[in-house]
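# Summary of the model geometry
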Amino acid sequence: MMLKKTTLLLFFSFFIGSASYAQHIAVSNNLLFDVAGALSAGVEVPLSNMTSVEAYGSIRPWKRSDESVHKHWLVQAQYRIWPCQVMNGFFFGPYAHFGEYNLGNQTVLFGLLKGLKPYRYEGWLAGAGIGIGYEYALAKHWNIGAEIGAGYTYIKYKKYNCEVCGTQKDDDVYHYVGISRLGLSLIYVF
């Protein structure tokens, strides 16, 4: 009988504690991925008055055209620390990401990576970093947020001679250190 009461007490304590943060669950869409022609969505759940966790994903399953390829899927998770109030104002925290890609005949990062243009690359990536950002309340349920993050990404790739086809030319690893998270998000807070 005592075990039953303790179990019920723990069960109700969990839901009472969870209910105090339930009104702050948020869903988001990264507008920068929309501009690139990808689908994106995220969910953020507060853990306390000053911390939350976000899970985010993006996918682009189709080719851009017959002359170029840009397919990817990516998932990211971030632990956020909010110095003032959860889901409002400044935040920072560590994140991790994993994904797969297939890129050919592309100019990436506003033309900074010009060496990608005459080849096709496919492979996977994994990494982690630290992000900082800011969320601003537009209305009762709507926020807009901006974030930038830098870290390390391990990129495994196969390089092909042609932009959309071709025989494999190389198989290698690239160690990237720099900006690996960038967002301008429209957020709906429940």
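Note: the structure precedes this text.
Bear in mind that the values here come from a model prediction, so they are computed numbers and not experimental data. (Residues numbered from 1 in each chain as written. Predicted model: local features only at pLDDT ≥ 70, side-chain atom pairs only at ≥ 80, totals over all residues. Heavy atoms only, no water.)

Moving on to the layout of surface pockets. Taken as a whole, the second largest pocket spans an internal volume of roughly 220 Å³. Looking at the second largest pocket, it is lined by 13 residues, and the ones nearest its centre are His24, Met87, Lys140, Asn143 and Val189. Looking at the lining of the second largest pocket residue by residue, the class counts come to 6 nonpolar, 6 polar and 1 charged. (1 Å grid on protein atoms, 1.4 Å probe; cavity = no way out; pocket = protein on both sides within 12 Å on 5 of 7 lines; lining within 4 Å. Points joined across faces, edges and corners; volume = space filled by probe spheres on them. Nonpolar A, V, L, I, M, F, W, Y, C, P; charged D, E, K, R; others polar.)

As summarised here, the arrangement of the 8 strands in space is β1-β2-β3-β4-β5-β6-β7-β8, forming a closed barrel in which the pairing is antiparallel. Averaged over all pairs of adjacent strands, the angle between strand axes in this sheet comes to 20 degrees, irrespective of strand direction. (Pairing = 2+ DSSP bridges. Helix = DSSP H or I, 4+ residues; strand = E, 2+ residues; numbered from the N terminus. Axes fitted to C-alpha atoms, helices over the stretch in contact; angles between N-to-C directions.)

So, on to the packing of aromatic side chains. Following the criterion strictly, the structure yields 10 aromatic pairs and no others. Residues tryptophan 142 and tyrosine 188 carry aromatic rings whose centres are separated by 5.0 Å and whose planes lie at 70 degrees to one another, so their mutual orientation is edge-to-face. With tryptophan 142 in strand β7 (residues 142-160) and tyrosine 188 in strand β8 (residues 168-189), this residue pair connects regions lying 46 residues apart in the sequence. Owing to a relative accessible area of 38%, tryptophan 142 belongs among the partly exposed residues under this scheme. Three or more aromatic residues link up through ring pairs in this structure, and these residues are Trp73, Phe98, Trp124 and Tyr154. The positively charged end of arginine 120 is found above the aromatic ring belonging to tyrosine 160, 4.1 Å away from the centroid. (Phe/Tyr/Trp six-rings, centres within 6.5 Å; stacked < 30°, edge-to-face > 60°. Buried < 20%, exposed > 50% of the residue type's maximum accessible area, 1.4 Å probe, protein only. Lys NZ or Arg CZ within 6 Å of the ring centre and 35° of its normal.)

This brings us to the pairing of strand β6 (residues 120-137). Bridge count for strand β5 (residues 89-104) against β6 is 16 bridges, and the pairing is antiparallel. Within β6, the residue paired with asparagine 102 across the bridge is glutamate 122. Across 18 bridges, β6 lies against β7 in antiparallel orientation. Following the sheet pairing, arginine 120 is matched in β7 by tyrosine 160. Between β6 and the antiparallel strand that follows it, β7, lie 4 residues.

Attention shifts here to the pairing of β5. Relative to β5, strand β4 (residues 69-81) is paired through 11 bridges, and the arrangement is antiparallel. Within β5, the residue paired with histidine 72 across the bridge is tyrosine 101.

For glutamate 54, the position within the fold is in strand β3 (residues 51-60). Judged by its relative accessible area of 6%, glutamate 54 falls in the buried class. A polar contact is formed between the side chain of glutamate 54 and the side chain of arginine 80, at a distance of 3.2 Å. Not counting residues within four places of it along the chain, the set of residues in contact with glutamate 54 comprises Ser28, Val43, Glu44, Gln76, Ala77, Gln78, Arg80 and Arg181. (Polar contact = N/O pair within 3.5 Å; in protein donor to acceptor, adjacent residues only side chain to side chain. Contact = heavy atoms within 4.5 Å.)

Once that is clear, we can look at the pattern of salt bridges. Using the criterion set out here, one finds 8 salt bridges in the structure. Across the salt bridge formed by arginine 181 and glutamate 54, the nearest N and O atoms sit 2.5 Å from each other. Of the two residues, arginine 181 is situated in strand β8 and glutamate 54 in strand β3; the sequence distance between them amounts to 127 residues. No difference in accessibility class separates arginine 181 from glutamate 54, as the two residues are buried. Of the charged contacts in the structure, one is a salt bridge between lysine 156 and aspartate 171, with a shortest N-O distance of 3.1 Å. One end of the pair, lysine 156, is in strand β7; the other, aspartate 171, is in strand β8, with 15 residues separating them in the sequence. Look at lysine 156 and you get partly exposed, because its relative accessible area is 27%. Residue aspartate 171 is classed as partly exposed on the basis of its relative accessible area of 41%. (Salt bridge = Lys/Arg side-chain N within 4 Å of Asp/Glu carboxyl O.)

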